[in-house]
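Observations on chain architecture
So the chains spell out like this:
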Protein chains: 2
Amino acid sequence: MDAALKALAEPRRREILRLVWSAELPATAIADHFSEVTRSAVSQHLGVLKAAGLVSERRDGTRRLYRADRSEMRQLRRFLDDYWTSGLERLRDAAEAAQREKDAADG
Amino acid sequence: MDAALKALAEPRRREILRLVWSAELPATAIADHFSEVTRSAVSQHLGVLKAAGLVSERRDGTRRLYRADRSEMRQLRRFLDDYWTSGLERLRDAAEAAQREKDAADG
DNA sequence: GCACAAGTTCAGTTGACACTTACGCAAGCC
DNA sequence: GGCTTGCGTAAGTGTCAACTGAACTTGTGC
């Protein structure tokens, strides 16, 4: 999840992900979309996205076809929804914080 | 939005955000939660979160109280939902999905 | 006014990362 | 077997970001 979030922090990778969101594309077609960056850079971005599970790769002859893994995106969304308010753990933190506040005020 | 995503890419900042999600806390209380990092580092993280609009600051005497700005988080979530499939493309995807549903049902 | 407490900010260091160029490697095609 | 196409990997570089320690700011209580 950490990897997915870090991968999405890079604008170029978000753009790539959008390109392969609804269409499976070979690496070259993706790279052609970015005139200001080399093919190599795009390939490395694809590697990061793949490592984060946000993209899947399929080989076809010499080509490699990429497409977005939407289920991973769903998981990410869900993580973002849940992380901040995760039940007992959050309550515990709040209680601890309140106690420190009180201690500081008293002491 | 780019700033918010980048801010969330850092685990420590996610933790901070969770701390101030449901409780307003002074900077020191937040810093006390991170034993492996100095107060200064936490202050800088708070600056990033604030710049990204994910956190709001209120002054009370010498203290500064922080709390999460949930509306910004909602916007982020919405952005994540919409960015990949925007406008016509999203409609097309929906149509395709409906067709696949139909094909699956028929087949 | 002085001391202290709460926090930020400045200067400098270190590590991560996006990038480029060059090279390597596999799969068709002649 | 050579040639070309499609693409990843290696090595090196510049930039940025997270961190530390020291200095600074601002408010409070005496």
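Above this text is the structure in question.
Residues numbered from 1 in each chain as written. Chains lettered and ligands numbered in written order. Predicted model: local features only at pLDDT ≥ 70, side-chain atom pairs only at ≥ 80, totals over all residues. Heavy atoms only, no water.

1. Regarding the sheet that holds strand 1 (residues 25-26) of chain A
Residue and element names in this part refer to chain A.
- With antiparallel pairing, three strands are arranged side by side in an open sheet as 1-3-2. The open sheet has two free edges, formed respectively by strand 1 and strand 2 (55-60), since each of these has just one partner strand.
- Summarising the sheet, strand 2 and strand 3 (residues 63-68) pair through six bridges and their orientation is antiparallel. In the strand pairing of strand 3, Val55 is matched with Ala68. (Pairing = 2+ DSSP bridges. Helix = DSSP H or I, 4+ residues; strand = E, 2+ residues; numbered from the N terminus.)

2. Quick word on the environment of B:Asp69
- Within the fold, B:Asp69 resides in the loop between strand 3 (63-68) and helix 5 (70-83).
- Sequence spacing of B:Asp69 and B:Glu57 is twelve residues, and the spatial spacing of their C-alpha atoms is 9.7 Å.

3. What about the protein's contact with DNA strand D?
- Around DNA strand D sit 23 residues in total, of which A:Thr28, A:Ser43, A:Tyr66, B:Arg12 and B:His45 are the nearest.
- In the environment of DNA strand D, a phosphate oxygen lies 2.8 Å from a nitrogen or oxygen atom belonging to the side chain of B:Thr38.
- At a separation of 3.3 Å, a base oxygen of DNA strand D approaches a polar side-chain atom of B:Gln44.
- Residues that form the surface near DNA strand D fall into these classes: five nonpolar, eleven polar and seven charged. (Near = heavy atom within 4 Å. Polar contact = N/O pair within 3.5 Å; in protein donor to acceptor, adjacent residues only side chain to side chain. Nonpolar A, V, L, I, M, F, W, Y, C, P; charged D, E, K, R; others polar.)

4. Examining the protein's contact with DNA strand C
- In the vicinity of DNA strand C there are 23 residues, among which A:Arg12, A:His45, B:Thr28, B:Arg39 and B:Tyr66 approach most closely.
- Of all DNA strand C atoms lying within 4 Å of any protein atom, the proportion belonging to sugar or phosphate reaches 69%.
- A distance of 2.7 Å separates a sugar or linking oxygen of DNA strand C from a polar atom in the side chain of B:Thr62.
- At a separation of 2.2 Å, a phosphate oxygen of DNA strand C approaches a polar side-chain atom of B:Tyr66.
- Of all elements in the fold, only helix 2 (11-19) and helix 4 (39-51) of chain A together with helix 3 (27-32), helix 4 (39-51) and strand 3 of chain B reach the threshold of two or more residues within the surface near DNA strand C.
- Classifying every residue of the surface near DNA strand C by side-chain character gives five nonpolar, eleven polar and seven charged.

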